[in-house]
Amino acid sequence: MDDQTPSTELRGNTQGDRGARGPRLREIPLRLIIPNLITVLAICAGLTGIRLAFENRYELAVAMVLAAAFLDGIDGRVARMMKATSKFGAQMDSLADIINFGVAPALVLYVFVLDQARSLGWIAALIYAIAAGLRLARFNVMDERETKAPWQSEFFVGVPAPAGAALVMLPIYLGFLGVAPVGVFAYASTAYTVVIGYLLVSRLPVWSGKSETSHIRRDLVLPMILGVVLYVALLMSFTWEVLVVSVLLYLCSLPFGARNWHRRYGTLTIGEESAEKGLSEIDRGV
């Protein structure tokens, strides 16, 4: 018994020392941090865009908002590529989304042109920001489902928030091309902002381009790459003209997505009719 006493006391002292030092901090791999850093940079860019707008540095403000949207769009892909997805990262990404796709574009647009429409302009900015939040909430609900409908890999329900952020700033692009942000243009921009907010929360089928069944013929791969290079080169040289054309082309493409959905499922929108036929996994009322 006496021989065992020192070892027992030693173990007790060792445990006491560990308790005094506290729990050992768990090390986190660097690859888990990189996607979160991208998300934080996106938030910083979006908020900086708001500040630049209040300082009347509109071109830099729009550039920062677009940069925030780009960073916010790639952080999730980077996380999946590096196998660094986490619940914390998902929550951070949701926070960044509402700032970069909802609040920042609305405020920059308001400072540039919507304030000329007085209270109506502010109401339009509020509608767009709230619509972006609702759109993101609906997306998160659908994305967390264990069982997803087959069409979810090919269609969005409503215009996605990143595209909405680029679309809603069309009046700013036009302003940079010489359209004065006053009078009729301000009220037209107010109505346009409300329309984009509606497209975000609508049940319009919007082609996503993410379907695994979408393929490109081998002989068209190199021309497509050259086309992307040409687009980027034109974007760098004629930024606002290219953005205006891109927005108009995107808006013109929306009816084609709805027509494609109608041919497959017989409805013009993704709504209750589709749910009753088992084609939709959307919660009723969401």
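The structure we're discussing is the one just above.
Anyway, here's the lowdown on the structure attached to this text. Since this is a predicted model, take the numbers as computed values, not measurements. (Residues numbered from 1 in each chain as written. Predicted model: local features only at pLDDT ≥ 70, side-chain atom pairs only at ≥ 80, totals over all residues. Heavy atoms only, no water.)

Pairs can form between side chains of opposite charge whenever their charged atoms are close. Tallied over the entire structure, the rule returns two salt bridges. Residue arginine 51 pairs with glutamate 55 through a salt bridge whose shortest N-O separation is 2.8 Å. When its relative accessible area of 56% is taken as the criterion, arginine 51 is described as exposed. For glutamate 55, a relative accessible area of 34% corresponds to the partly exposed category. A salt bridge links glutamate 55 to arginine 57, with the nearest nitrogen and oxygen atoms 3.0 Å apart. Ionic contacts of the salt-bridge type, sharing partners, join the residues Arg51, Glu55 and Arg57 into one network. (Salt bridge = Lys/Arg side-chain N within 4 Å of Asp/Glu carboxyl O. Buried < 20%, exposed > 50% of the residue type's maximum accessible area, 1.4 Å probe, protein only.)

Attention shifts here to the nonpolar core. With 49 residues, the main nonpolar core has Val62, Val159, Ile172 and Tyr173 as its most contacted residues. Of all the elements in the fold, those that place two or more residues in this core are α2 (30-54), α3 (58-81), α4 (87-112), α5 (119-143), α6 (161-168), α7 (170-176), α8 (184-201) and α10 (239-265). With seven residues, the single largest contributor to this core is α4. If we skip the residues at most four places from it in the chain, tyrosine 173 touches Val62, Leu66, Ala166, Trp240, Leu243, Val244 and Val247. If you look at the next biggest cluster of nonpolar residues, it comprises five residues, including Met142, Phe155, Val157 and Trp261. (Core = buried A, V, L, I, M, F, W, Y, C linked by side-chain atoms within 4.5 Å. Helix = DSSP H or I, 4+ residues; strand = E, 2+ residues; numbered from the N terminus. Contact = heavy atoms within 4.5 Å.)

Inspection of every chain in the model, using the stated rule, returns five aromatic pairs. Taking the centre distance of 5.7 Å and the plane angle of 75° together, the rings of phenylalanine 112 and phenylalanine 176 count as edge-to-face. Remark: phenylalanine 176 occurs in helix α7 and phenylalanine 112 occurs in helix α4; sequence separation between them is 64 residues. Of the two residues, phenylalanine 112 and phenylalanine 176, neither departs from the other in class, the shared state being buried. (Phe/Tyr/Trp six-rings, centres within 6.5 Å; stacked < 30°, edge-to-face > 60°.)

This paragraph deals with the packing of α2 against α3. Between two packed helices, both the angle of their axes relative to each other and the distance between the axes serve to describe the pair. Between α2 and α3, the shortest axis-to-axis distance is 8 Å and the interhelical angle comes to 165°. Between α2 and α3, the crossing angle belongs to the class labelled roughly antiparallel. Where α2 crosses over α3, the two elements pack in a sense that is left-handed. From α2, Pro35, Ile38, Thr39, Leu41, Ala42, Ala45, Gly46, Thr48, Gly49, Leu52 and Ala53 reach across to α3, where they touch Tyr58, Leu60, Ala61, Met64, Val65, Ala68, Leu71, Asp72, Ile74, Asp75, Val78 and Ala79. A class-by-class count of the residues in the contact of α2 with α3 yields 17 nonpolar, four polar and two charged. (Axes fitted to C-alpha atoms, helices over the stretch in contact; angles between N-to-C directions. Parallel < 35°, antiparallel > 145°, perpendicular 65-115°, else oblique. Left-handed = near helix turned anticlockwise from the far one by under 90°. Nonpolar A, V, L, I, M, F, W, Y, C, P; charged D, E, K, R; others polar.)

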